[in-house]
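# Examining the three-dimensional arrangement
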Amino acid sequence: MKGKVKYKLIPGLLATSVLGTALLPASPASADLIKDAAVGAASNVVTGAVLKNGTTAGNAVGGAAAGAAVGATHNRANGRVSSVVQDAAVGAVTNVVTGEVLRNGRTVDNAIGGAAAGVVVNVSKD
């Protein structure tokens, strides 16, 4: 019984520590990146639940990575938001790679979840 609890807690703790060390010492300019990661994580958790793909923790990590990648590709210097198609592609690729690294879910479903996260991040931009 203890082993099952440990295996359920470790992915969440790993995700929290990775996100915490990467995002907590962020500058004010990185607030958008943090928001994008949070939006991507939430979107991918919902998509993963709908598709019955992967674990909640794995989907949250993959979505956060996809959201951050989409946010990082935006050109803030001229205030331009990237196209929805570009953001969907960036989210899909990032979530597929993250899913493979974490061994979380199916590749096609990870691509769909990442694309959805990219679109949601794009729509959430001002």
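Structural notes, computed from the coordinates. Model, not experiment: these values are computed from the prediction.

### Here's the deal with the overall build of the protein
Along the protein, the regular secondary structure elements total five helices and zero strands. Shown N-terminal to C-terminal, the secondary structure of the protein runs as helices and strands in the order α-α-α-α-α. Burial status across the protein gives 34% buried among its 126 residues. Put simply, of all contacts in the protein between residues at least 6 apart along the chain, 66% involve residues at least 24 apart. Carbon together with sulfur atoms contributes 70% to the accessible area of the protein, which is approximately 7300 Å² in total.

### Quick word on the packing of helix 2 (residues 31-51) against helix 3 (residues 56-72)
The contact between helix 2 and helix 3 brings their axes to 6 Å, and the two run at 140°. As the angle between them shows, helix 2 and helix 3 are arranged oblique. For the pair helix 2 and helix 3, the crossing hand works out as right-handed. Seen from helix 2, the contacting residues are Leu33, Asp36, Ala37, Gly40, Ala41, Asn44, Val45 and Gly48; seen from helix 3, they are Thr56, Asn59, Ala60, Gly62, Gly63, Ala64, Gly67, Ala68, Gly71 and Ala72. Of the residues contributing to the contact of helix 2 with helix 3, the split by class is eight nonpolar, nine polar and one charged.

### Remarks on the pattern of salt bridges
Applying the stated rule across the entire model yields two salt bridges. Between Asp36 and Lys125 there is a salt bridge, with the nearest N and O atoms lying 2.7 Å from each other. Placement of Asp36 in helix 2 and of Lys125 in the segment after helix 5 (107-124) is noted, with a sequence separation of 89 residues between them. Note that Asp109 is salt-bridged to Arg106, the shortest N-O span being 2.4 Å. Overall, the relative accessible area of 46% leaves Arg106 in the partly exposed class.

Definitions and cut-offs
Residues numbered from 1 in each chain as written. Predicted model: local features only at pLDDT ≥ 70, side-chain atom pairs only at ≥ 80, totals over all residues. Heavy atoms only, no water. Helix = DSSP H or I, 4+ residues; strand = E, 2+ residues; numbered from the N terminus. Buried < 20%, exposed > 50% of the residue type's maximum accessible area, 1.4 Å probe, protein only. Contact = heavy atoms within 4.5 Å. Areas by Shrake-Rupley, 256 points an atom, 1.4 Å probe, with all protein chains shown as cover. Axes fitted to C-alpha atoms, helices over the stretch in contact; angles between N-to-C directions. Parallel < 35°, antiparallel > 145°, perpendicular 65-115°, else oblique. Left-handed = near helix turned anticlockwise from the far one by under 90°. Nonpolar A, V, L, I, M, F, W, Y, C, P; charged D, E, K, R; others polar. Salt bridge = Lys/Arg side-chain N within 4 Å of Asp/Glu carboxyl O.

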